Amino acid sequence: MNQTILIDTAKKLVAPGKGILAADESSKTIQKRFDKIGLTSTPETNLAYRSMLFTTSGIEQYISGVILYEETIRQSIEGKSVPQYLESKGILPGIKVDKGAWRLPNFEREKVTEGLDELRDRLTEYKNLGAKFAKWRAVIAIGEGIPTEAAILANAHALARYAALCQEQDIVPIVEPEVLMDGGHDPARCQEVTEQTLKIVFEQLKLYKVLLEGMLLKPNMVISGKEAATQALAEEIAQATVETFKKVVPFEVPGIVFLSGGQTPDQATENLAAINKIGGPWQLSYSYGRALQEEALNTWACFTDSARRVGKEENIKTAQQAFLDRAQKVSAARSINPS
Ligand code: 13P
């Protein structure tokens, strides 16, 4: 483990004004996104869409790193491998390394993320392909009687083992324990579960000797459940989020890069701005998937009645502008100083 490389990469990922684009949707998830625009996901359509994002001129002002899917890291843009292409723009390539969340036996409604088997070998390969950082996502569901301590512990243990394996190869781990927005719970319940989850995650990270200065945390914000009748305001979300993190996230962690988790692009931008207004001992940045991509995807996928125009030159340009505009807004939200 080279601590200098890890610390340097982590710092670059949360450099002032910058954050991460999560473009690592699995084959199943990208099909879900494409369903909305009537497109079939194939390696070619996936690359056409993602190339539109990555070749956006000026995007490197706001994006420090891109999380890639296994398929994408092996593809090429403009004669370069995707990681080489991103590096040529000053963007760090990353890779999703988990194998998805699967039912936890004996715990009907809960999941554990798998993918530790042979992870060391996979990381060696990804490193050779150019990956500088990695992501592993655990999901924690809120409901009656859940989450259980067992589900949190199983996921936290896997996150810590994953993070240690990454650091062994000088790859910065993004540790993502996502407390899901699904449900009708209030922010207080989300706060309680987020605090409990992060507490156990950091206990496991410590146990497995993960270098906190050489990792990033990718959490949910403390927010109302999607189906809750009343939705918390940005200021309330920010207050509860920062308060919770101050209790359980060690200040050695250089950055917190939030996921958007189903918030609209505007909500994810507004909430990040409110969080930065309060501030904390860490960089408070973004690793958004949907919130950064939604508008660009919809613009890219303009249809006429008779003929699909996906990929046509005029759509690419307007989609890139939509992507750049949103990235600029999110970057501005992340750059607000504490008031
Ligand atoms: P969302 O911002 O769409 O939640 O995606 C971020 C991510 O990478 C989830 O693992």
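Residues numbered from 1 in each chain as written. Predicted model: local features only at pLDDT ≥ 70, side-chain atom pairs only at ≥ 80, totals over all residues. Heavy atoms only, no water.

**Q** For this particular structure, what's the right way to read the nonpolar core?
**A** Taken as a class, soluble globular proteins show a tendency for nonpolar side chains to be buried jointly. Counting residues in each nonpolar core, the largest one holds 94 residues, and the members touching the most others are F54, Y162, V249 and Y288. Take this core: its biggest share by element is nine residues, from helix α7 (residues 149-168). When sequence neighbours within four positions are dropped, the list of residues in contact with V249 reads L198, F202, L217, I256 and W282. Core analysis: the next-biggest nonpolar cluster, separate from the first, contains 14 residues, I67, V172, L216 and V257 among them. (Core = buried A, V, L, I, M, F, W, Y, C linked by side-chain atoms within 4.5 Å. Buried < 20%, exposed > 50% of the residue type's maximum accessible area, 1.4 Å probe, protein only. Helix = DSSP H or I, 4+ residues; strand = E, 2+ residues; numbered from the N terminus. Contact = heavy atoms within 4.5 Å.)

**Q** I would appreciate a short explanation of the packing of helix α6 (residues 119-129) against α7 in the present structure.
**A** Two numbers describe a pair of packed helices, the interaxial angle and the distance between the axes. Interaxial distance between α6 and α7 falls to 10 Å at its minimum, and their mutual angle equals 40°. When the axes of α6 and α7 are compared, the pair comes out oblique. Crossing handedness for the pair α6 and α7: right-handed. Here L119, R120 and L123 of α6 come into contact with α7, specifically with Y162, L165, C166 and E168. (Axes fitted to C-alpha atoms, helices over the stretch in contact; angles between N-to-C directions. Parallel < 35°, antiparallel > 145°, perpendicular 65-115°, else oblique. Left-handed = near helix turned anticlockwise from the far one by under 90°.)

**Q** Sorry, what's going on with the pattern of salt bridges here?
**A** Here the idea is simple: oppositely charged side chains can pair when their charged atoms come close. In this structure the tally under the stated criterion is 19 salt bridges. Of the charged contacts in the structure, one is a salt bridge between R326 and D266, with a shortest N-O distance of 2.8 Å. Of this pair, R326 sits in helix α12 (residues 313-334) while D266 sits in helix α10 (residues 265-278), placing them 60 residues apart in sequence. The class for R326 is buried, based on a relative accessible area of 3%. Salt bridges sharing partners connect three or more residues here, namely D24, K135, R137, E176 and E178. (Salt bridge = Lys/Arg side-chain N within 4 Å of Asp/Glu carboxyl O.)

**Q** Honestly, the environment of E195 in this entry has me stumped. Any pointers?
**A** On the secondary structure map, E195 appears in helix α8 (residues 187-207). Exposure remark for E195: the relative accessible area of 23% places this residue in the partly exposed category. Placed 34 residues apart in sequence, E195 and R161 show a C-alpha to C-alpha distance of 21 Å. E195 has contacts with T244, K247 and V248, leaving out every residue within four places of it along the chain.

**Q** Is there a simple way to think about a positive patch on the surface in this case?
**A** Side chains of K28, K32, K36, K111 and R290 sit close together on the surface and give a patch of like positive charge. What makes K28 exposed here is its relative accessible area of 73%. (Patch = residues over 30% accessible without salt bridge, like charges linked within 9 Å, V, L, I, M, F, W, Y side chains within 5 Å. Areas by Shrake-Rupley, 256 points an atom, 1.4 Å probe, with all protein chains shown as cover. Lys, Arg positive; Asp, Glu negative; His and termini not counted. Charge placed at Lys NZ, Arg CZ, Asp CG, Glu CD.)

**Q** Mind showing me how you'd approach unusual backbone geometry here?
**A** What you tend to see is this: most non-glycine residues have negative phi, and most peptide bonds are trans. Looking along the chain, the bond that leaves I146 and enters P147 is cis, with omega of 10°. Within the fold, P147 resides in the loop between β8 (133-140) and α7. Its identity is not glycine, yet E118 carries a phi of approximately 60°, on the positive side. You can see E118 is positioned in the loop between β7 (107-113) and α6. If you check the backbone angles, K209 has positive phi at about 60° while not being a glycine. If you trace the backbone, K209 turns up in the loop between α8 and β10 (216-217). K209 sits in the exposed class, given a relative accessible area of 72%.

**Q** How do you make sense of α6 when you look at a structure like this?
**A** Along α6, the residues that are buried comprise L119, R122, L123 and Y126. Each buried residue of α6 sits inside an arc of 100° when the element is viewed along its axis, so together they form one side. Residues of α6 that are exposed and angled more than 90 degrees away from the buried face: D121 and N128. G130 lies just past α6 and shows a positive phi near 115°. (Arc of directions from axis to C-beta.)

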